Amino acid sequence: MQIGDLKPAQGATTKKVRVGRGIGSGIGKTSGRGHKGQNARSGGGVKAGFEGGNIPLIRKIPIRGFNNKDFKKVYSTINVGDLDVLDANTEVDINFLYENRFIGKIQPYGLKILGNGELTKPLIIKAKKVTAAAKEKIEKVGGKIIEE
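I will try to describe carefully the structure that is included in this document.

The rules we used
- Residues numbered from 1 in each chain as written.
- Predicted model: local features only at pLDDT ≥ 70, side-chain atom pairs only at ≥ 80, totals over all residues.
- Heavy atoms only, no water.
- Pairing = 2+ DSSP bridges.
- Helix = DSSP H or I, 4+ residues; strand = E, 2+ residues; numbered from the N terminus.
- Contact = heavy atoms within 4.5 Å.
- Axes fitted to C-alpha atoms, helices over the stretch in contact; angles between N-to-C directions.
- Core = buried A, V, L, I, M, F, W, Y, C linked by side-chain atoms within 4.5 Å.
- Buried < 20%, exposed > 50% of the residue type's maximum accessible area, 1.4 Å probe, protein only.

1. Details of the sheet that holds strand β6 (residues 144–147)
Across the sheet, which stays open at both edges, the three strands sit in the order β2-β4-β6 with parallel pairing between neighbours. Single-partner strands in this sheet number two, and they are β2 (91–92) and β6. Judged from the two bridges that link them, β2 and strand β4 (residues 124–127) form a sheet pairing that is parallel. Residue pairing across strands places Glu 91 opposite Ile 124, the latter belonging to β4. Sheet strands touched by helix α3 (residues 132–140): β4 and β6. Its angle to β6, the strand with the most contacts, is close to 135°.

Laid out in structure tokens, this is it:
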């Protein structure tokens, strides 16, 4: 065993340091804040990126790229493998999936069926979008897709 191998016992915690409790504590008087100035005051300090009144670097760098997230089409998605627990010839739509807790939220653009997993029973599926892989798996077992 070396001195560097020593560590506190399992579950041991260190007491919180109480600053400003006399010079004998080692962190009395200025309480580790130094002498005077902005950072010694309560509520003092500057926000991240502040450069002493100069134009911050983030504002000097030109804006690059384009973001169209406000117009992104968001679908409620589910994999065909997740639908395999349903009985054969069940009519599946977005409301059915929401009521039976297959999806957590009804998204504005409707339902999209993804092709991950395997399907063994024929189902009648109503969805806005169906991927090629999902369509192939649904039709292979005799299911039907109704695209809204």
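2. Quick notes on the nonpolar core
Core analysis: the largest hydrophobic core is formed by 18 residues, its most contacted members being Leu 83, Leu 97, Leu 111, Ile 113, Ile 125 and Ile 138. Among the elements of the structure, α2 (94–99), β3 (111–114), β4 and α3 are those that each provide at least two residues to this core. Discounting residues that sit within four places of it in the chain, Leu 97 has contacts with Ile 78, Leu 83, Val 92, Phe 102, Ile 103 and Leu 111.

3. A word on the sheet that holds β3
The sheet built from three strands is open, its strands ordered β1-β3-β5 with parallel pairing. Every interior strand has two partners, whereas the edge strands, β1 (76–79) and β5 (129–130), have only one. Both β1 and β3 contribute to a ladder of four bridges, which runs parallel. Along β3, the bridge assignment pairs Ile 78 with Ile 113.

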